[in-house]
Amino acid sequence: MRAKSVHTLGPSKQLAWPLNLALCEIIMSMRDYYQTNDAILCPKCGREIYEWEGQEGPNALFIWLKGNKHPIDQRADEDCKLEEKDFIKWFLPEKFELWNTEGNCTVVAEGMCENGIWNEIVISNAKHT
Ligand SMILES: [Zn+2]
């Protein structure tokens, strides 16, 4: 399931700002996206995986790229997006679960940080769905 854009809930520009802000918080407290430059192969079917989702990070629709300490982008509606200069305030936990369900398998992996930098991803489970 993809995050809904705030605009699907109504024209946000017409909302009073406290309501708009509350919607942003609901929408943003869902998940983050995780990417790697190198493909991780599904152990079941061999498909290449470059993007994962997880709910053990800040859950602010950030895009985290392996090898980085902070988010590289945020996949949120413009109304809800944090300023890029504030991305450096956000970190990942030492270990966090990730999953990918794009193909015919559900693949679960564990991401790991060293000195705050996400530098490892290990597949922990994969099954056909
Ligand atoms: Zn697979």
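Residues numbered from 1 in each chain as written. Predicted model: local features only at pLDDT ≥ 70, side-chain atom pairs only at ≥ 80, totals over all residues.

To continue, consider the overall build of the protein. When you go through the protein residue by residue, the secondary structure sums to one helix and seven strands. Sequence-ordered secondary structure for the protein, helices as α and strands as β, is α-β-β-β-β-β-β-β. Within the protein, the fraction of its 129 residues that count as buried is 22%. (Helix = DSSP H or I, 4+ residues; strand = E, 2+ residues; numbered from the N terminus. Buried ≥ 20, exposed ≤ 12 C-beta atoms within 10 Å, placed from the backbone.)

The next point concerns the nonpolar core. Ranked by internal contacts, the top residues of the largest apolar core, which has 16 residues, are Y34, W64 and L98. When contributions to this core are tallied by element, the ones reaching two or more residues are β1 (32-41), β2 (48-54), β3 (62-65), β5 (95-100) and β6 (105-114). For this core, the element with the most residues is β1, which contributes three residues. Excluding residues within four positions of it along the chain, L98 makes contact with Y34, W52, E53, G54, A109, G111 and I121. (Core = buried A, V, L, I, M, F, W, Y, C linked by C-beta atoms within 7 Å. Contact = placed C-beta atoms within 7 Å.)

It is worth spelling out the pairing of β2 at this point. Relative to β2, β1 runs antiparallel, the two being bridged by six bridges. Among the inter-strand pairings, L41 is bridged to a residue of β2, identified as E48. From the end of β1 to the start of β2, which pair antiparallel, there are six residues, and G46 there has a positive phi angle of about 80 degrees. (Pairing = 2+ DSSP bridges.)

Along any regular strand, the residues point their side chains to alternate faces of the sheet. Inspection of the sheet shows β1 paired to β3 by three bridges, in the parallel sense. Residue pairing in the sheet places Y33 in a bridge with I63 of β3.

Turning our eyes to something else, we now look at the environment of P43. Mapped onto the fold, P43 is located in the loop between β1 and β2. For the pair P43 and I123, spaced 80 residues apart in the sequence, the C-alpha separation amounts to 8.3 Å. If we ignore the near neighbours within four places in the chain, the residues touching P43 are I123 and A126.

Structurally, K127 is set in strand β7 (residues 117-128). Distance in space between the C-alpha atoms of K127 and V107 is 6.6 Å, their sequence separation being 20 residues. With sequence-adjacent residues up to four places away left out, K127 is seen in contact with K44, C105 and T106.

Once that is clear, we can look at unusual backbone geometry. Even without being glycine, N59 reaches a positive phi, approximately 55 degrees. With phi around 60 degrees, L61 is a residue other than glycine that occupies positive phi space. According to the C-beta neighbour criterion, L61 is buried, with 22 such atoms within 10 Å.

What follows concerns the confidence of the model for the protein. Per-residue confidence for the protein gives a mean pLDDT of 86, with 81% of residues at or over 70. Segment residues 1-14 is flagged for pLDDT under 50; beyond a separation of four residues in sequence, or across chains, it makes 19 contacts in the model. (pLDDT = per-residue confidence, 0-100.)

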